[in-house]
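Tertiary structure, described
One letter stands for each residue in the lines below.
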Amino acid sequence: MIRFFLLCLASGVPFALQAAGNPDSGKTKAAQVCAACHGPDGNKPSAPDQPILAGQHYDYLVRALTDYKIGRRQNAIMKGFAGQLSRQDIEDLSAWFAAQKSSLHDQR
């Protein structure tokens, strides 16, 4: 039992991150900010150089949006959009897109 607790504790950071976002709020924000380029559920980018966001890992999306926001990742369009997002917006958007079905890989 102690071993299980320690395992849960050790893996708790990613799990806690995943629980931070609200997918319903993310859906609303995605319709306002992301849908024009990535599609409402992240499955239909409007150009080949725009990624499919649906089904992407939550923690990856949080990191990518945060990196665009702070300038660690360089893209003028994404810098403009991510720059206006709050931490909660980033978590909510990440939760929404991570929860969507995608044909890019096997679903979790």
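Residues numbered from 1 in each chain as written. Predicted model: local features only at pLDDT ≥ 70, side-chain atom pairs only at ≥ 80, totals over all residues. Heavy atoms only, no water.

**Digging into the packing of helix 5 (residues 58-70) against helix 7 (residues 87-98)**
The following threshold applies: Axis definition: a line fitted to C-alpha atoms, limited for helices to the stretch in contact. Angles are taken between N-to-C directions and run from 0 to 180 degrees. In DSSP terms, a helix is any run of H or I states spanning at least four residues, a strand is any run of E spanning at least two, and both are numbered starting from the N terminus. An angle below 35 degrees is read as roughly parallel, one above 145 as roughly antiparallel, one from 65 to 115 as roughly perpendicular, and any other as oblique. It is the rotation of the near helix from the far one that decides the hand of a crossing: anticlockwise by less than a right angle makes it left-handed, clockwise makes it right-handed. Any two residues whose heavy atoms approach within 4.5 Å are treated as being in contact. In this count, Pro and Cys sit with the nonpolar residues alongside Ala, Val, Leu, Ile, Met, Phe, Trp and Tyr, while Asp, Glu, Lys and Arg are called charged and the others, Gly among them, polar.
Following both chains from N to C, one finds helix 5 and helix 7 inclined at 140 degrees, their axes separated by 8 Å at the closest point. When the interaxial angle is binned, helix 5 and helix 7 end up oblique. Between helix 5 and helix 7 lies a crossing of right-handed hand. Residues Tyr58, Leu61, Val62, Leu65, Thr66 and Lys69 of helix 5 lie in contact with helix 7, whose contacting residues are Arg87, Ile90, Glu91, Leu93, Ser94, Ala95, Phe97 and Ala98. Among the residues making up the contact of helix 5 with helix 7, the classes are represented as nine nonpolar, two polar and three charged.

**Remarks on the state of the cysteines**
Joining two cysteines, a disulfide is a covalent bond between their sulfur atoms. For clarity, the cut-off: Disulfides are defined as cysteine sulfur pairs within 2.5 Å.
Across all of its chains, the model carries zero disulfides by this definition. The thiol of Cys37 is unpaired, and the distance to the nearest cysteine sulfur, on Cys34, comes to 8.7 Å.

**Comments concerning helix 7**
For clarity, the cut-off: Expected span of a helix, by definition, is 1.5 Å for each gap between consecutive residues, and there is one gap fewer than residues. Each residue gets one of three labels from its accessible area relative to the maximum for its type: buried under 20%, exposed over 50%, partly exposed in between, using a 1.4 Å probe on protein chains only.
Taking 1.5 Å of rise per residue, the twelve residues of helix 7 would be expected to cover 16 Å, and the 16 Å separating its terminal C-alpha atoms lies within 8% of that figure. Burial within helix 7 is extensive, with ten of its twelve residues counted as buried. All of the buried residues along helix 7 are Asp89, Ile90, Glu91, Asp92, Leu93, Ser94, Ala95, Trp96, Phe97 and Ala98.

**Structural notes on the confidence of the model for the protein chain**
Test applied: For every residue, the predictor states its confidence as a pLDDT score lying anywhere from 0 to 100.
Across the protein chain, the average pLDDT comes to 86, with 79% of residues at or above 70. A low-confidence stretch, residues 4-9 stays under pLDDT 50, and its non-local contacts, those more than four residues away or across chains, total zero contacts. Low confidence marks residues 13-18, where pLDDT is under 50. Its contacts with residues over four positions away, or in another chain, come to three contacts.

**Looking at the pattern of salt bridges**
Opposite charge on two side chains makes pairing possible when the charged atoms of those side chains draw close. Defined as follows: Salt bridges are counted wherever a side-chain nitrogen of Lys or Arg sits within 4 Å of a carboxyl oxygen of Asp or Glu.
Within the structure shown, the criterion is met by three salt bridges. With a shortest N-O distance of 3.8 Å, Asp89 and Lys29 are connected by a salt bridge. One end of the pair, Asp89, is in helix 7; the other, Lys29, is in helix 3 (residues 23-33), with 60 residues separating them in the sequence. Its relative accessible area of 17% is what places Asp89 among the buried residues.

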